[in-house]
Amino acid sequence: MRRLILDHALLPHGWAENVGLDIEGGAIAAIQPDATSEGRERVAGITLPGLPNLHSHTFQRGMAGLAETRGPEGDSFWTWRQVMYRFLGSLTPDDVEAIAAFAMMEMLEGGFTALAEFHYLHHDADGRAYADIAELSGRIAAAAQQTGMGLTLLPVFYAQGGFGGAAPTEGQRRFINDIDSYARLLEGARKAIASPDDAAVGIAPHSLRAVTPESLREIVTLAGEGPIHIHIAEQVKEVEDCLAWSRQRPVAWLLDHASVDQRWCLIHATHLDEQEAKGMAASNAVAGLCPITEANLGDGIFEGADYLAAKGRFGVGSDSNIEISAPAELKQFEYSQRLKHRARNVLAEREGQSTGRSLYDKALAGGAQALGRRIGAIEAGHRADFVVLDANHPDLAAVSGDRWIDSYVFVAGTSAIDTVFVAGKAVVRNGRHLNREAIRARYSRAMARILS
Ligand code: ZN
């Protein structure tokens, strides 16, 4: 049993001081507001529940910055994808683990304490399954253990190269499975998870491009109660191709053909019409927004104001990992709405409400739901995952309460992060991961070889 006392903490009902926590087996066993410090280790600063990162492809951290040179014409998501396919062509299992550990370390330093890894890189460079079909899933799980990151592993089902059952391309050969091999992969991923308290496994049909209606139906039955994530409506071309194939827009098609419920997380859902936004909100699924990546890729702007007015749920993800920062994702989401609507404080629901606090609360709830774990709140029974902000940071020292979160999200960003706890253990202190040197050295060696 570990006993802490938090100077200031954001609890489900609001701010509290001198919060006593008893932590057992990585979870909060008991909470006592206005506790005395006797027999407790003091956590100075401002303690927030750690934000879940609901969408990432960790290997893409290694190609961050490699697709920022203008090509011959019309750079887009699709030209970026060509760079990505080339990059992943040479990755070994050791590379995948080294890059994943580096990305997860940056996520912990960036205010995320749990991750949903949308993992689609399964086979060797020739497209052959490794002797253990879940070799690379195991590497992701190993990186999570090395860094202390809470993990929801989402092995991806990818079978087709485009709508209407098109054959996969050369560039996709490391992703491809049929239903049987996918079921074995899922089994292997479940075994790779060391402790069910620190990790979960869900499923992820890659996108409507990559499955047929029949295979989607079949793999959804493998999910059980676990989460189901899918990329959807990220790109205008994807919407047009879906309309040509089915006469329906992607989200409308999914809502009509799958029983979308609270287990589902619809990644991006950038291009929604009014009916789709309402239908998605009513389904209780989570919108998996990745505002920094969506801006980097030129995807478009999510209909945030309409969707939140319809009581839609959302969380945020770092996706391509071009920049890793929990506060910056929330800021980018709000700023996209300000630019779109030429207004300020768009995503706060009512007069007098802090925009930072409102975004943070909703991304905690949506993220925890999407990851399918008991996280996202400082509450008995939840994992003891916290981010502690420096109360003496110049942007935070003279304010209090929700203004702390406004300053964290809009001003100070990750420079305000002091300590990060996962499952009751500190993994970041003074803003730096405890194994930073070793993880960084291994990453640098891998990248030197990959880019040589
Ligand atoms: Zn993605």
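Every residue gets a number counted from 1 within its own chain, in the order that chain's sequence is written. Given that the model is predicted, a residue must reach a pLDDT of at least 70 before its local features are reported, and side-chain atom pairs must reach 80 or more before they are shown or counted; all residues, however, enter totals for whole chains, interfaces and linings. With hydrogens and water set aside, each side-chain value is computed from the structure's full complement of heavy atoms.

Caption draft 1: Molecular detail of helix α3 (residues 135-147). In this text, helices come from DSSP runs of H or I with a minimum length of four residues, and strands from runs of E with a minimum of two, each type numbered from the N-terminal end. Residue count minus one, scaled by 1.5 Å, sets the expected span of a helix. An ideal rise of 1.5 Å per residue puts 18 Å on 13 residues; α3 measures up with 19 Å between its terminal C-alpha atoms. Within α3, the full set of buried residues consists of Leu 136, Ser 137, Arg 139, Ile 140, Ala 141, Ala 143, Ala 144 and Thr 147. Gly 148 sits one or two positions beyond α3 and adopts a positive phi of about 90 degrees. The rule is simple: take the accessible area with a 1.4 Å probe, protein chains only, and divide by the maximum for that residue type; under 20% is buried, over 50% is exposed, in between is partly exposed.

Caption draft 2: Fine view of empty space enclosed by the protein. Definitions used throughout: a 1 Å grid over protein atoms alone; a cavity as a set of points that fits a 1.4 Å probe which cannot get out; a pocket as an open set with protein on both sides within 12 Å along at least five of seven lines; a lining residue as one with an atom within 4 Å of a point. Grid points are joined across faces, edges and corners, and a volume is the space filled by probe spheres set on the points. For the coordinates displayed, the defined rule picks out two cavities of 30 Å³ or more. Roughly 150 Å³ of volume is contained in the largest cavity. Phe 77, Trp 80, Met 84, His 206 and His 231 are the residues nearest the centre of the largest cavity, which is lined by 17 residues in total. When residues in the lining of the largest cavity are grouped by element, the largest group, five residues, is from helix α1 (residues 77-88). In this classification, Asp, Glu, Lys and Arg are treated as charged, Ala, Val, Leu, Ile, Met, Phe, Trp, Tyr, Cys and Pro as nonpolar, and every other residue, Gly included, as polar. Residues belonging to the lining of the largest cavity are distributed by class as follows: eight nonpolar, five polar and four charged. When its volume is computed, the second largest cavity comes out at roughly 70 Å³. A breakdown of the residues in the lining of the second largest cavity according to their chemical character gives six nonpolar, four polar and one charged.

Caption draft 3: Structural context of the packing of aromatic side chains. Pairing of aromatic rings covers Phe, Tyr and Trp, the last counted by its six-membered ring, and requires centre-to-centre distances within 6.5 Å; plane angles under 30 degrees mean stacked, over 60 mean edge-to-face, and any other angle means tilted. Under the defined criterion, the tally for this structure stands at 17 aromatic pairs. Relative to Trp 253, the ring of Trp 245 has its centre 5.4 Å away and its plane inclined at 45 degrees; by these criteria the two rings are tilted. Aromatic pair Phe 302 and Phe 333: ring centres 6.3 Å apart, planes at 55 degrees, arrangement tilted. Taken together, the positions of Phe 302 in the loop between α9 (291-297) and α10 (304-309) and Phe 333 in helix α11 (residues 326-341) put the pair 31 residues apart, joining distant regions of the chain. Each member of the pair Phe 302 and Phe 333 is classed as buried.

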